[in-house]
2 protein chains.
Amino acid sequence: MIDDEIHPPRRLPEPTLRRLPWYLAFVKLLKGRGEVYVSSTQIAKEINVDSSQVAKDLSFVNISGKTRVGYEIETLIAVLEDFLGFTIQHKAFLFGVGSLGGALLQDSGLKQYGLEIIAGFDIRQELSGALINGIPVFHISQFPARQKKLNATIGVITVPVDQAQAVTDHIVAEGIKALWNFTPFRIRVPHGVVVQNTSLYAHLAVMFNRLSLINHRK
Amino acid sequence: MIDDEIHPPRRLPEPTLRRLPWYLAFVKLLKGRGEVYVSSTQIAKEINVDSSQVAKDLSFVNISGKTRVGYEIETLIAVLEDFLGFTIQHKAFLFGVGSLGGALLQDSGLKQYGLEIIAGFDIRQELSGALINGIPVFHISQFPARQKKLNATIGVITVPVDQAQAVTDHIVAEGIKALWNFTPFRIRVPHGVVVQNTSLYAHLAVMFNRLSLINHRK
């Protein structure tokens, strides 16, 4: 059952927000297999999370299960996707069309999860006018005018480290509200602006360290 | 000073491993500005981490600072890059040359951080023989033979969710030792195999939730 009351958005614990997409991926898989109901125990077993944790995480979402049969899969998917913000297209600009930036423009999958990158900006004149995966690239000097017209809320930061803070300051001043920072630099923002750090290199560092331990053990 | 003794690799706390690349990025920035020494207080201030935390994190690395002047930047960079595994090329195969997988093949930046993707594999026959950013793509049936020849240690998983576990089982059986899992599915591996989960969608979920809170407050 979907709870019909309108709830104000709540600040969810980050670990919960990170686990909910795992549950979503799993129940979508079940749906593909023709299943109709899923219990939190079943999710817990598959995802390798404590079943009381699953129940607690799902208690943040406006859905309740039926005794014995569990959650209706179709409803759970709809509610989770909506709750996680994947059903709204959040307009984003990407800054720094280098190797990683260009790669992210290529990834149409982000759109299915609510992130619509509508333009890329770069300091290099020669990139201006390019189209990558249908997304136009402009010189950074055109950003304020584009922002006035298109009013993006999210800035994806894929510039070199030494540009990260300057670009952040510039785009926040023009009204960008959330920054998805792929640089390994810790950008600073005014209060009320959201920063999500995704450092692929930090993840590599963790993986390499764990790997060196196995290799050493042999 | 670099500590000359050979140390066996140690299992570092994940938060430390995630912070070290931030320090590295910052000291590289200082080097670019012509600086020669850096103190842990200076790093702490810029990175927004407690200075005792910085000192503790750096104590895992085989480097010691000089009283008053701090760490020699050039040495710190070399030691950190080496310590984090960024100076060795780790050979990797990528599985699932879809939107995200193709994008990662485009990102030459990973190589600078020690990850060398040497081939992509996909189930779709029509992709076989393609070259993306100079990296060859093969049909998945060719993986065992290529693995015997090239002996990759890392598998990058960018297949659809419903294929994640089957691909994992297949490649681990052929000797892949570490999996960089970009799917939102929680793959299971035998003991001794490393898994690093990087879910871009989970990061989006966190960012969208934080953003909805600001929008609501207004």
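Within each chain, residues carry numbers counting from 1 in the order of the written sequence. By the order in which they are written, chains take letters starting at A while ligands take numbers starting at 1. Since the coordinates come from a predicted model, pLDDT governs what is reported: local features require at least 70, and pairs of side-chain atoms require 80 or more to be given and counted, while whole-chain, interface and lining totals use all residues. Values shown for side chains rest on all heavy atoms present in the structure; no hydrogens or waters enter the calculation.

Each helix and strand counted, chain A has nine helices and nine strands in total. Each of the three principal axes of chain A carries a C-alpha extent, and together these read 60 × 55 × 35 Å. Partly exposed residues are those whose accessible area sits between 20% and 50% of the maximum for their type, while under 20% is buried and over 50% is exposed, using a 1.4 Å probe and protein chains only. Here chain A holds 218 residues, and the buried ones make up 51% of them. What makes two residues a contact is simply this: any of their non-hydrogen atoms within 4.5 Å. Put simply, of all contacts in chain A between residues at least 6 apart along the chain, 58% involve residues at least 24 apart. Counting every atom, chain A has about 10,100 Å² of accessible surface; 51% of that belongs to carbon and sulfur. For the purpose of counting charges, residues Lys and Arg are taken to be positive, whereas Asp and Glu are taken to be negative. His and the chain ends are not included. Lysine's charge is taken at NZ, arginine's at CZ, aspartate's at CG and glutamate's at CD. Where the 23 positive side-chain charges of chain A centre and where its 19 negative ones centre are 5 Å apart. Numbering of helices and strands runs from the N terminus; a helix is a DSSP stretch of H or I covering at least four residues, while a strand is a stretch of E covering at least two. Here the Shrake-Rupley method, with its probe set to 1.4 Å, supplies the accessible areas, and only the displayed protein chains count as covering residues.

Let us look at the domain arrangement of chain A. We note that the domain assignment places domain 1 (14–83) and domain 2 (90–202) within chain A. As used throughout, domain bounds are those supplied by an automatic or database domain assignment. Centre-to-centre, using C-alpha coordinates, domain 1 of chain A lies 32 Å away from domain 2 of chain A.

This paragraph deals with the relation of the copies chain B and chain A. The transform that puts chain B on chain A rotates by 180° and translates by 0.0 Å along the axis, for an RMSD of 0.0 Å. On this basis, the relationship between the two copies can be described by a two-fold rotation axis. No C-alpha of chain B lies nearer the rotation axis than that of Ala103(B), which sits 2.2 Å from it. Interface overlap between copies: 100% of the residues of chain B at the interface are likewise at the interface in chain A, consistent with a symmetric, same-surface contact. The copies were overlaid by least squares, fitting only the C-alpha atoms of residues that reach a pLDDT of 70 or more in each copy.

On the side of chain A, 68 residues touch chain B, which itself brings 68 residues to the contact. Accessible surface is computed with a 1.4 Å probe, and the buried area is the amount of it that two parts give up when combined, taken over both parts together. For the pair chain B and chain A, the summed buried area comes to about 6,700 Å², and 69% of that belongs to carbon and sulfur atoms. A pair is scored as a salt bridge if a Lys or Arg side-chain nitrogen falls within 4 Å of a carboxyl oxygen belonging to Asp or Glu. The interface formed by chain B and chain A includes zero salt bridges. Polar contacts, as counted here, are pairs of nitrogen or oxygen atoms within 3.5 Å of one another; within protein the pair requires one atom able to donate a hydrogen and one able to accept it, and residues that are adjacent in sequence qualify only if both atoms are side-chain atoms. Taken together, chain B and chain A are joined by 21 residue pairs in polar contact (both at pLDDT 80 or more). If you list the elements that add at least two residues to the side of chain B that touches chain A, you get helix H1 (14–32), helix H2 (40–47), helix H5 (99–106), helix H6 (109–112), strand S8 (178–181), strand S9 (194–197) and helix H9 (200–217) of chain B. With 16 residues, the top contributor of residues to the side of chain B that touches chain A is H9(B). Taken together, the residues that form the side of chain B that touches chain A break down as 38 nonpolar, 17 polar and 13 charged. Each residue gets one of three labels, nonpolar for Ala, Val, Leu, Ile, Met, Phe, Trp, Tyr, Cys and Pro, charged for Asp, Glu, Lys and Arg, and polar for the others, Gly among them.

This part takes up helix H4 (residues 73–83) of chain A. Residue and element names in this part refer to chain A. Turning to H4, its buried residues number three or more, namely Ile 73, Thr 75, Leu 76, Ile 77, Val 79 and Leu 80. Buried residues along H4 sit in contact with helix H1 (14–32), strand S1 (37–38), helix H2 (40–47), helix H3 (51–59) and strand S2 (71–72). A positive phi of about 85° marks Gly 85, the residue just after H4.

Before going further, it helps to spend a moment on a nonpolar patch on the surface. Put simply, a patch holds well-exposed residues, over 30% relative accessible area, that have no salt bridge, with like charges counted together within 9 Å and Val, Leu, Ile, Met, Phe, Trp or Tyr side chains within 5 Å. A surface patch of nonpolar side chains, about 230 Å² in accessible area, is lined by Val36(B), Tyr37(B) and Val69(B). By the secondary structure assignment, Val36(B) is in the loop between H1 and strand S1 (37–38).

Moving on to the packing of aromatic side chains. Residues and elements named next belong to chain A. Centre distance within 6.5 Å is the pairing criterion for rings of Phe, Tyr and Trp, where only the six-membered ring of Trp is used; planes under 30 degrees apart are then read as stacked, over 60 as edge-to-face, and the remainder as tilted. According to the stated counting rule, one finds 18 aromatic pairs over all chains in the structure shown. When the ring of Phe 93 is compared with that of Phe 143, the centres are 5.9 Å apart and the planes differ by 85°; the resulting orientation is edge-to-face. Taken together, the residues span a long stretch of sequence, with Phe 93 in strand S3 (residues 90–95) and Phe 143 in helix H7 (residues 143–150) at a distance of 50 residues. On the accessibility criterion, Phe 93 (0% relative accessible area) is buried. Taking the relative accessible area as the measure of exposure, Phe 143 reaches 0% and is therefore buried. By the ring-pair criterion, three or more aromatic residues cluster together here, those being Phe 93, Phe 95, Phe 121, Phe 138 and Phe 143.

Once that is clear, we can look at the sheet that holds S8(B). Strands belonging to one sheet form pairs held by backbone hydrogen bonds; the direction of such a pair is parallel or antiparallel. Residue and element names in this part refer to chain B. Here a strand pair is declared whenever DSSP counts at least two bridges between the two strands. Taken in spatial order, the seven strands make up an open sheet running S5-S6-S4-S3-S7-S8-S9, and their pairing is mixed. This sheet does not close on itself; its edge strands, each paired only once, are strand S5 (131–132) and S9. As judged from the three bridges shared by strand S4 (residues 115–122) and strand S6 (residues 135–139), these two strands associate in the parallel manner. Each residue of the ladder has a partner; that of Gly 120, found in S6, is Val 137.

With that out of the way, let us pick up the sheet that holds strand S5 (residues 131–132) of chain A. All names here are of chain A. Ordered by their spatial adjacency, seven strands build an open sheet running S5-S6-S4-S3-S7-S8-S9, and the pairing between neighbours is mixed. In this open sheet, the two edge strands, each paired with only one partner strand, are S5 and strand S9 (194–197). Where strand S8 (residues 178–181) and S9 come together, four bridges link them in parallel fashion. Its bridge partner lying in S9, Leu 179 is registered against Val 195. Relative to the sheet, H7 contacts S3, strand S4 (115–122) and strand S6 (135–139), its axis offset from that of S3 by approximately 175°. Here an angle of 0 to 180 degrees is reported between the N-to-C directions of two axes, which are lines fitted to C-alpha atoms, with helices fitted over the stretch in contact. Contacts from helix H8 (residues 164–173) reach S3, strand S7 (154–157) and S8, with the element oriented near 170° to S7.

Formed by 154 residues in total, the largest nonpolar core has its most connected members in Leu115(A) and Leu115(B). Filtering out sequence-adjacent residues up to four positions away, Leu115(B) remains in contact with Leu204(A), Met207(A), Phe208(A), Gln89(B), His90(B), Ala92(B), Leu110(B), Ile154(B), Val156(B) and Trp180(B). What is meant by a nonpolar core is a set of buried Ala, Val, Leu, Ile, Met, Phe, Trp, Tyr and Cys residues, joined one to another through side-chain atoms within 4.5 Å.

Residue and element names in this part refer to chain A. Contact geometry of H1 with H3 gives a least axis separation of 10 Å together with a crossing angle of 100°. Classified by the angle their axes make, H1 and H3 are roughly perpendicular. Contacts between H1 and H3 involve Thr 16, Arg 19, Leu 20 and Tyr 23 on the former and, on the latter, Gln 53, Val 54, Asp 57 and Leu 58. In terms of residue class, the contact of H1 with H3 is made up of four nonpolar, two polar and two charged. Under this scheme an angle from 65 to 115 degrees is roughly perpendicular, one under 35 degrees roughly parallel, and one over 145 degrees roughly antiparallel; angles in between are oblique.

Turning our attention to the side chain of Thr16(B). Residues and elements named next belong to chain B. Summarising the element assignment, Thr 16 is placed in helix H1. Of the residues examined, Thr 16 reaches a relative accessible area of 3% and is grouped as buried. Once residues lying within four places of it in the same chain are set aside, the contact partners of Thr 16 are Asp 57 and Phe 60.

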